[in-house]
Amino acid sequence: MADPSFDIVSKVDRQELDNAVNQAGKELATRFDFRNTGASVTLSGDEAISVAADTEDRARAALEVLKEKLVKRDISLKSLDAGDPKQSGKTYKIECKIIQGIESDKAKAISKKIRDEGPKGVQAQIQGDQLRVTGKKRDDLQAVIALLKQADLGVALQFTNYR
């Protein structure tokens, strides 16, 4: 039998993202303080969200509503990269990117952290935009998961394929 292993990934559930954006749009349409401000939240492509409003403050407030909905749908705010409000004609727009996958420099940092602070006999291999962690004992793998959950690595991590 092969050694126990699990994968470290950084993915956003597309359906949950869609639901959060739709809920934020509905709330902006019904809330009194957003009446006649032109506030809207829309998905633009697969990896981007566009927040728009008539004033800079309303655009920022609409972004906060979106963040609130993302948190309620269990999407980490670390996977949302929101820019600054930019004026586009009479409206202000905030372009937000959805971060998917683990960048190579972050993956190297995670791998180094596992090597330095994790239990002996646990290896981390970088496989594209994810990491595979293997070890002799399941308890060691559990310790690695606990170590990474406590560390603030600046990226939203999920642990999958635990075998």
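**Let's talk about helix 4 (residues 138–150)**
With 13 residues, helix 4 should reach 18 Å at 1.5 Å per residue; the first-to-last C-alpha distance of 19 Å fits that figure. Restricting attention to buried positions, one finds in helix 4 the residues D140, L141, V144, I145, L147 and L148. What you see down the axis of helix 4 is that its buried residues fit within an arc of 160°, all on one side. Seen from the open side of helix 4, the exposed residues pointing more than 90 degrees away from its buried face are D139, K149 and Q150. Looking at the packing, one finds that the buried side of helix 4 touches strand 1 (5–9), helix 3 (104–117), strand 8 (130–134) and strand 9 (158–160).

**Quick word on the sheet that holds strand 7 (residues 123–127)**
Whenever strands of a sheet pair, they do so through backbone hydrogen bonds, lying parallel or antiparallel. Pairing in this open sheet of four strands is antiparallel, and the strands run 7-8-1-9 from one edge to the other. Both edges of this open sheet fall to strand 7 and strand 9, since each of them pairs with a single strand only. Between one strand axis and the next, the sheet turns by 25° as a mean value, whatever way the strands run. Pairing of strand 1 with strand 8, which is carried by four bridges, proceeds in the antiparallel orientation. Counted as the bridge partner of F6 is V133 from strand 8. Across the face of the sheet, helix 4 comes into contact with strand 1, strand 8 and strand 9 while running at roughly 15° to strand 1.

**What about the environment of R115?**
Considering the arrangement of structural elements, one finds R115 in helix 3. R115 gets classed as exposed once you look at its relative accessible area, which sits at 55%. C-alpha of R115 to C-alpha of V144: the two residues are 29 residues apart in sequence and 9.9 Å apart in space.

What counts and how
- Residues numbered from 1 in each chain as written.
- Predicted model: local features only at pLDDT ≥ 70, side-chain atom pairs only at ≥ 80, totals over all residues.
- Heavy atoms only, no water.
- Helix = DSSP H or I, 4+ residues; strand = E, 2+ residues; numbered from the N terminus.
- Expected span 1.5 Å × (residues − 1).
- Buried < 20%, exposed > 50% of the residue type's maximum accessible area, 1.4 Å probe, protein only.
- Arc of directions from axis to C-beta.
- Contact = heavy atoms within 4.5 Å.
- Pairing = 2+ DSSP bridges.
- Axes fitted to C-alpha atoms, helices over the stretch in contact; angles between N-to-C directions.

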